[in-house]
Structure formats: structure tokens, C-alpha cells
Amino acid sequence: MNASQKSGRYFLEDAGVPTDPISNNKPIKLKYHAGGQWKTSQTDLYMPCYNPSTGAVIAMAPQCLPEEVEEAVAAAATAFPVWSNTPVSKRVQVLYNMKHLLDKHLEELTVLLATEQGKKYQEAMGDILKVTEVVEFACGAPHLMKGEALMQVSTGYDTVLYREPVGVFAGIPPWNFPAMIPHGWMTPICIATGNCMVLKAASFVPQSAMRVLELWQEAGIPDGVINLVTAGRDQAELLLRHPTIKGITFVGSTKVGLHIYSTAAAHGKRVQALCEAKNHALVLRDCKLERAAAGIINAFTGCAGERCMALPTVVVENAIADKLVALLKENAAQINLGPAWRQDTGMGPVVNAGHQQFVEKWIATAVKEGAELALDGRNPKVAPGCEKGFFVGPTIVDHVTEDMSCGREEVFGPVVFVKRVESFEEGLCLMNNSRFGNGSVIYTQNGYYAREFAQRTHAGMVGINVGIPVPLGIFGFTGHKQSFFGDLHVMGKDGFAFFTESKCVTNTWFPEEGGDLAACKVDTWDGTITSLPKGN
């Protein structure tokens, strides 16, 4: 039994927290994790965590003290020498165990995530399965960490390039994917390559990240290799400047991402910062219209629009615009809103009351700017028991023009903005004017336009008749423009490069016996230049 199992669960029950008036249950009090132990924070500041389907408070997350964040960093630094020196074939045995545990606990994790974040059941399950996907990929570390070698690079000289672990990393995930991002995008490749991780879990939705960390411990991860805190912005700032932290992996807003990138890089850290998006789909008149409409509805209402690969903007040729908007309205209006954990729910809530108000404010802004509200999702009908939940129904905003801020900025809710154009060229130009560049989509049956679009779009992830063109973990999540700051993306080969550093070893050997070593001439380049003319 390791230290984590001895220290109990990630929460305390009946810890003096007042009863929630909606559920009549007492919220649990959450802990932080450092050096293999779950610990009760000494802070006086706790943040409420809600069940967004009902509005009830279900947990209280500590805003850890600076010294507790320091403790987590120190634990990771202590674990690094042994973990980094553990053979990679043994490190991935922990990941094999973890894959088994994720499969075993899939239903439990799905319900927990749906309850705390608001994704409907099938989407919450996908959040967990995306963790499994990257864990499986990271099991290939013995192959993917292999370097390069060349014998006889110069006469008698050989060079080998190794990929080595870097040290302690900090992961700062957002609230919209509470399992996939911290334990899929950030952790598996980091630890498989021999590094250690300090996660600052999102305070709105920390339980999924905490429960998955319990499974990492059960899988056999050594104490201190993965640590977790919940903290405010000031404590997160500590990680950006901390001399022990060698790299930062972040997902969140562009404003914060740019700050994290510039601050951490200025302190000598490698950084990958995945930020906002305003993904566009170009719908051409030759498309399969009913299928395109179905794909668009899934893409803008899925996860209640709270994903950076959602499809909040549709650019459609005028010739079919009225038909498309009618189809979107007819089908989106039929989506039922209810408890996220029920398998018959069509769409869940947004994460909390503050975000509900944020999305509704953008809907009001669109109307004020002169757009036409084809379907209004404010004050929607919800299932019994969800009247105090944080729901925004599917919303369609038509006749959006480029001078409207609603068509340019990320809304992060179940809202689609429709822009009308006359041609492929006008549509592509409009899309490329966006300052963001995560995803772009085209719906067409024309191979020429599909190829032109793939080549000329400025986004990093492109869908041809695919509304959510998120690559599998074997590729990278390749955002462009102000959707990403850094050089190496998450997952794929980039992920392995980000969490390792290269070391080149060049060697030459001398005979044990014979040979006049004293007469050997050593030039300025010590034999490593092969093109020197004879006599030089």
C-alpha cells in the first residue's frame, strides 16, 4: 500500500460544511495531493463546486496556500531523479495498468464527470475515453523516445542523439474537459518520458481530475510523480516563475495564455499554451444539406458548446442559406435539456451561473448589434428537477456580419452565428480573417473546392465534411494563430518532443596497442568536419 492509499480519499465527508438547500446534502470537502498523500489544506478560502444540472453545491475546493503549492513542486522534484532513471519499459507498465483501471471504472468516472461539469452522459464518457486514448499512445514511449545514430559521421567518429526527460512540469487545465486535458493531454506523455507533473486542477470541476489521480496511484505511479492542487491565480503565477518548473502546459483563454507564454518563457521554461477559438464552417451549395445540418447541430450544441473545437460560426452560400437555417432551427429546437448523467438527455447545462450569464449576454449583444435571432435559447424548458440548473438552449443567430463582435469573439456556449456569402472565395477570405486558427470545416461534394480549402485555410485542424475535426492522440492538436502559443503541440510526436530534450554524444576511440598517437594532428574541429581539403 502506497502513501496515497494510506492517506485516504481525495475528500472529507461531514467536514462541517453547511447543507446545500437545493439537494439537502452536505457538500464534500476536497483535499490536495503532494508526495503521494491526500492532505487537508490549511487555507480559509474554499470555492464552491456545483452540480450544474440542478444548481446544488456538491463540493468545496481549497484555494491552496503558496506553501502548499511549493510542497507539491518539491515532492515532484524529489521524485524526479529515481523516476527519470527508471527504465522506460518499466515506466510504461504503470500506463498499461492505468488503461485497465480506466476501462474498469469507466461508468463511475462518466457519471462523476457529467455530474460536476454538465456534459451529457455520452460526452462525459468520451472525455474519459480520450484519457484512455492518450494513455495507450504513451505506452509507445520505448519506441517514440528512441533517438538517432550514425556511425562514421567522420573518419573514426560516431554520433548518437538521445531523448531524455527534462524535469518537473506544471499543467494548468481548464474546466471544460476535467479528465481529458489534465490526464490525457498533459500527464501520460509527461510521465512516460520520465518527467514529474504538478497539476493545478480547475477549481470549478476538480473531482474528475482527483479521482483519476487516485487511479494513477492504484496503477503504481510512485509517490511524487503526479501531484495536484487547486489554487487561485496568484498561486498559479508562482508556477510560471518557479526555478524548479522546467515547462508549462496550459489550456484556456487567449488573454491568459499569452500571459503564461510570455511570463514562463521569460523565465526560461518551455511552454505550450492552447487558447480560444472561433471555428468556422463553410457550407457550399453542392453539399449534402441534411447531413451538413446534422453535423453543424452536433458541433455547436455538443458539450453545450463549451469546447475549443465547437463550431460556433457557419459561413453559408446565400443560395442555400434559408434552407440551412430552417433545418438548423427545426432540429435544434427538438433537443431536450435535462440532467447530464441521464442517457436520454439531449444536451446538458453550462458549467455554472456565471458562464450562463456570459453566454446570455452574448446573445443579447448579437441582437443589439443587428443580427436576427432565429432560435432563442434563453429561459429554455428543462426536465423536472433542473429548474435551478444553469441551462442555455440551442441558439441560432442569423445575418451576422463582420462588423459584429458576436461573430468574431468566442462565446463558448450552444450558440451558432450564421454569416452569408456569395461564393467559395468570399467565404474562405472571411474565415481566414479570424485572429483564431484552431479548426475550420467545409461541407461540399466538390473535390476541387475541398482540396483548395484544405490547402488555403489558415486553421490548424481541418474537416472535410467533418464538423469536429479533432485528431486522434497519435497526431497533434495543432491550433494556429492566436489559438496557440508555443512551438510544440500537445500529443503526437510534438508531445514527445515537448517533454524531452535532445542530447548528442559524439565519440572516437583509440587503439589499445600500436599507432603513433603523439603524431596525430588534432585540428580546430577535432575531426568533426569531413570536408576540409587535404593538407589543412
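What you see is a predicted model, and the numbers here were worked out from it, not measured in a lab.

Orientation of helix H4 (residues 106-117) relative to helix H8 (residues 207-219), taken along the N-to-C sense of each, is 160°, at an axis distance of 9 Å. When the axes of H4 and H8 are compared, the pair comes out roughly antiparallel. The segment H4 lies against H8, with Glu108, Leu109, Leu112, Leu113 and Glu116 engaging Gln207, Ser208, Arg211, Val212 and Leu215. Of the residues belonging to the contact of H4 with H8, the class tally is five nonpolar, two polar and three charged.

The subject of this paragraph is the sheet that holds strand S8 (residues 157-165). The three strands are arranged S7-S8-S24 in an open sheet whose pairing can be described as antiparallel. Single-partner strands in this sheet number two, and they are strand S7 (148-154) and strand S24 (500-508). In this sheet, neighbouring strand axes are inclined to one another by 25° on average, regardless of whether the strands run parallel or antiparallel.

When S7 meets S8, the two strands line up antiparallel, connected through four bridges. Note on S8: the bridge partner recorded for Ser154 is Tyr157.

Turning to its location among the elements, Ser154 is positioned in strand S7. The exposure class of Ser154 is buried, given its relative accessible area of 8%. Setting aside anything within four residues of it in sequence, one finds Ser154 in contact with Gly527, Thr528, Ile529 and Thr530.

It is worth spelling out the confidence of the model for the protein at this point. Note that predicted coordinates carrying low pLDDT should not be read in detail. With 96% of its residues at a pLDDT of at least 70, the protein reaches an overall mean of 95. Throughout residues 1-5 the model reports pLDDT below 50, and contacts reaching past four residues in sequence, or to other chains, amount to 14 contacts.

Enumeration over the complete set of coordinates arrives at 20 salt bridges. Note that Glu164 and Lys503 form a salt bridge whose closest N and O atoms lie 3.2 Å from each other. Residue Glu164 is located in strand S8, and its partner Lys503 is located in strand S24; the two are separated by 339 residues in the primary sequence. Accessibility expressed as a relative area gives 27% for Glu164, which makes it partly exposed. Between Asp398 and Arg420 there is a salt bridge, with the nearest N and O atoms lying 2.8 Å from each other. Of this pair, Asp398 sits in strand S17 (residues 395-398) while Arg420 sits in strand S18 (residues 415-421), and the two are 22 residues apart along the sequence. Across the pair, exposure class does not vary: Asp398 and Arg420 are buried alike. Salt bridges sharing common partners tie together Arg9, Glu108, Arg211 and Glu214.

What follows covers the packing of helix H3 (residues 88-104) against helix H7 (residues 180-192). One can describe the packing of H3 onto H7 by two numbers: an axis separation of 9 Å at closest approach and a directional angle of 150°. One element, H3, and the other, H7, form an angle in the roughly antiparallel class. For the pair H3 and H7, the contacting residues are Val88, Arg91 and Leu95 in the first and Pro188, Ile191 and Ala192 in the second. Grouping the amino acids of the contact of H3 with H7 by side-chain chemistry returns five nonpolar, no polar and one charged.

On to the sheet that holds strand S14 (residues 280-283), then. Reading across from one edge, S16-S17-S18-S15-S14-S20-S21 is the order of the seven strands in this open sheet, with mixed pairing throughout. In this open sheet, the two edge strands, each paired with only one partner strand, are strand S16 (372-375) and strand S21 (461-464). Each strand of the sheet is rotated relative to its neighbour by a mean of 20°, with strand direction disregarded. As judged from the three bridges shared by S16 and S17, these two strands associate in the antiparallel manner. Pairing of Leu373 across the sheet is with Val397, part of S17. Set on the sheet, helix H12 (residues 318-332) makes contact with S14, strand S15 (313-317), S16, S17 and S18; between it and S15 the angle comes to about 140°. Its contacts with the sheet put helix H13 (residues 353-368) on S16, S17 and S18, and the angle it makes with S18 is roughly 30°.

To continue, consider H7. Working note: α-helix, 3.6 residues per turn, so residues spaced by three or four point in the same direction. For H7, spanning 13 residues, the distance from its first C-alpha to its last is 17 Å, which sits close to the expected 18 Å at 1.5 Å a residue. A maximum bend of about 35° is found in H7 at Met186, where proline Pro188 lies one to four positions downstream. Along H7, 13 of the 13 residues are buried, which leaves the element largely enclosed by surrounding structure. The positive-phi residue at the C-terminal boundary of H7 is Gly194, with phi of around 100°.

Attention now moves to the side chain of His183. Mapped onto the elements of the fold, His183 is located in helix H7. Among the polar contacts listed, one links the side chain of His183 to the backbone oxygen of Ala209, at a separation of 2.8 Å. Discounting residues that sit within four places of it in the chain, His183 has contacts with Val131, Val135, Pro188, Leu199, Ala209, Val212, Leu213 and Trp216.

What follows deals with the environment of Gly35. With respect to the helices and strands, the residue Gly35 is situated in the loop between strand S3 (32-34) and strand S4 (37-39). Residue Gly35 is classed as partly exposed on the basis of its relative accessible area, which comes to 26%.

This structure, assessed with the given rule, holds twelve aromatic pairs. On the numbers, 5.8 Å between centres and 85° between planes, the contact of Tyr50 with Phe390 is edge-to-face. Placement of Tyr50 in strand S5 (residues 46-51) and of Phe390 in the loop between S16 and S17 is noted, with a sequence separation of 340 residues between them. Residue classification places Tyr50 among the partly exposed residues on the basis of a relative accessible area of 29%. You can call Phe390 buried: its relative accessible area is 7%. Chaining the aromatic ring pairs together yields one cluster made of Tyr10, Phe11 and Trp38.

Conventions used here
- Per chain, residue numbering runs from 1 following the sequence as it is written.
- Local features in this predicted model are restricted to residues of pLDDT 70 or higher, and side-chain atom pairs are both shown and tallied only at a pLDDT of 80 or more, whereas totals for entire chains, interfaces and linings draw on every residue.
- Here the side-chain values reflect all heavy atoms present in the structure, with hydrogen atoms and water set aside.
- To get an axis, a line is fitted to the C-alpha atoms, and for a helix only the part in contact is used. The angle between two axes follows their N-to-C directions and goes from 0 to 180 degrees.
- Strands here mean DSSP runs of E at least two residues long; helices mean DSSP runs of H or I at least four residues long; both are numbered from the N terminus.
- An angle counts as roughly parallel when it lies under 35 degrees, as roughly antiparallel when it exceeds 145, as roughly perpendicular when it falls between 65 and 115, and as oblique in every other case.
- Whether two residues are in contact is decided by their heavy atoms: any pair within 4.5 Å suffices.
- Under the convention adopted here, Pro, Cys and the residues Ala, Val, Leu, Ile, Met, Phe, Trp and Tyr are nonpolar, Asp, Glu, Lys and Arg are charged, and Gly plus all remaining residues are polar.
- Only when DSSP finds a minimum of two bridges between them are two strands counted as paired.
- Under the scheme applied here, a residue whose accessible area is under 20% of the maximum for its type counts as buried, over 50% as exposed, and between as partly exposed, the area being computed with a 1.4 Å probe on protein chains only.
- Values of pLDDT, which run from 0 to 100, indicate the predictor's confidence residue by residue.
- Every case where a carboxyl oxygen of Asp or Glu lies within 4 Å of a side-chain nitrogen of Lys or Arg is listed as a salt bridge.
- Multiplying one less than the number of residues by 1.5 Å gives the expected span of a helix.
- Fitting axes to the seven residues ending at a residue and to the seven starting there, one defines the bend at that residue as the angle between these axes.
- Within 3.5 Å is the distance limit for a polar contact, defined as a pair of N or O atoms, with the added protein rule that one can donate a hydrogen and the other accept it, and that residues adjacent in sequence qualify only through two side-chain atoms.
- The rule is short: rings of Phe, Tyr and Trp, with Trp giving its six-membered ring, pair when the centres are within 6.5 Å, and they are stacked under 30 degrees, edge-to-face over 60, tilted in between.

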